[in-house]
Amino acid sequence: MTAATSIATAERLLQRFGEAVTLTYTTDSVIDPATGDVDHEGETVIVTGNGYPADYMAKDVDGANILQGDIRLILEKLSVRPQKGWTATVDSKSYRVMDVKTIRKTGNDIITICQLRAQ
């Protein structure tokens, strides 16, 4: 199975069995190094896709890195790779992205697994 086939399969399954997910982040402001003035304010960027949210298994909840109530989100490949600190909206609830792991095949992102925590 090629990476393209793997991506298409993951997208198809997440569209069928998953739900809509919205990720939001703010770009950095651009500061003129000579004057210290802000040349361009950061912008809010919204990325949408399909994901499958699930609870973590009890054995994975360690109380330090993964807390009770954290969500494990399996997310289709998006136009931009999610990052820690972004906001994810799943089922009308807002979460902070705590960790991101990308599943890859032959150098291509297939899916992303995000650890989400209620805000």
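Remember, predicted model here, so these are calculated numbers, not experimental data. Residue numbering note: each chain is counted from 1, following its sequence as written. Totals for whole chains, interfaces and linings use every residue, but because this is a predicted model, local features are given only for residues with pLDDT of at least 70 and side-chain atom pairs only at 80 or more, for both listing and counting. Calculated side-chain values reflect all of the structure's heavy atoms, with hydrogen atoms and water omitted.

A look at the overall build of the protein chain
And step 1. Along its length, the protein chain carries 1 helix and 8 strands.
And step 2. Reading the protein chain from its N end, one meets helices and strands in the order α-β-β-β-β-β-β-β-β.
And step 3. When accessible area is computed with a 1.4 Å probe and restricted to protein chains, residues below 20% of their type maximum are described as buried, those above 50% as exposed, and intermediate ones as partly exposed. Counting every position in the protein chain, which comprises 119 residues, the buried fraction comes to 30%.
And step 4. Should any heavy atoms of two residues lie within 4.5 Å, those residues are considered in contact. When contacts within the protein chain are restricted to residue pairs at least 6 apart in sequence, those whose partners lie at least 24 apart make up 53%.
And step 5. When charges are counted, neither His nor the chain ends are considered; positive counts come from Lys and Arg and negative counts from Asp and Glu. The location of each charge is read from NZ of Lys, CZ of Arg, CG of Asp or CD of Glu. Within the protein chain, one finds 13 positive and 16 negative side-chain charges whose respective centroids are separated by 13 Å. In this text, helices come from DSSP runs of H or I with a minimum length of four residues, and strands from runs of E with a minimum of two, each type numbered from the N-terminal end.

Things to note about the sheet that holds strand β6 (residues 87–90)
And step 1. A pair of strands is considered paired only if DSSP assigns at least 2 bridges between the two. With respect to topology, 6 strands assemble into a closed barrel ordered β1-β4-β5-β8-β7-β6, the strand pairing being antiparallel. Pairwise comparison of adjacent strand axes, ignoring direction, gives a mean angle of 45 degrees for this sheet.
And step 2. Direction of pairing for strand β4 (residues 44–55) relative to strand β5 (residues 71–76): antiparallel, over a ladder of 5 bridges. In the sheet register, P53 faces β5, and the bridge partner there is L73. Here an axis means a line fitted to C-alpha atoms, over the contact stretch when the element is a helix, while the angle between two N-to-C directions is reported on a 0 to 180 degree scale.

Some words on the pairing of β6
And step 1. Burial of the side chains of β6 is restricted to one face: A88 and V90 are buried, whereas none of T87 and T89 on the reverse face is.
And step 2. Sheet analysis places β6 next to strand β7 (residues 93–105), joined by 4 bridges and oriented antiparallel. Bridging across to β7, T87 finds its partner in R96.
And step 3. Counting the residues between successive antiparallel strands, the hairpin from β6 to β7 contains 2 residues, one of them, D91, with a positive phi of roughly 55 degrees.

Some thoughts on the pairing of β7
And step 1. Pairing analysis gives 10 bridges linking β7 to strand β8 (residues 108–118), with the strands arranged antiparallel. Bridged to D99 within β8 is Q115.
And step 2. Counting the residues in the hairpin turn of β7 and β8 gives 2 residues, including T106, whose phi is positive at 45 degrees.

Examining helix α1 (residues 3–17)
And step 1. The length a helix should cover is 1.5 Å for every residue beyond the first. Taking 1.5 Å per residue, 15 residues should reach 21 Å; α1 reaches 21 Å between its end C-alpha atoms and fits that length.
And step 2. The set of residues buried in α1 consists of A3, S6, I7, T9, A10 and L14. The arc that holds the buried residues of α1, viewed along the axis, is 165 degrees, so those residues lie on one side. Exposed residues pointing more than 90 degrees away from the buried face of α1 are listed as A4, R12, Q15 and R16.
And step 3. If you follow the buried residues of α1, they end up packed against β1 (19–26), β4, β5, β7 and β8. The arc refers to the directions leading from the helix axis to the C-beta atoms.

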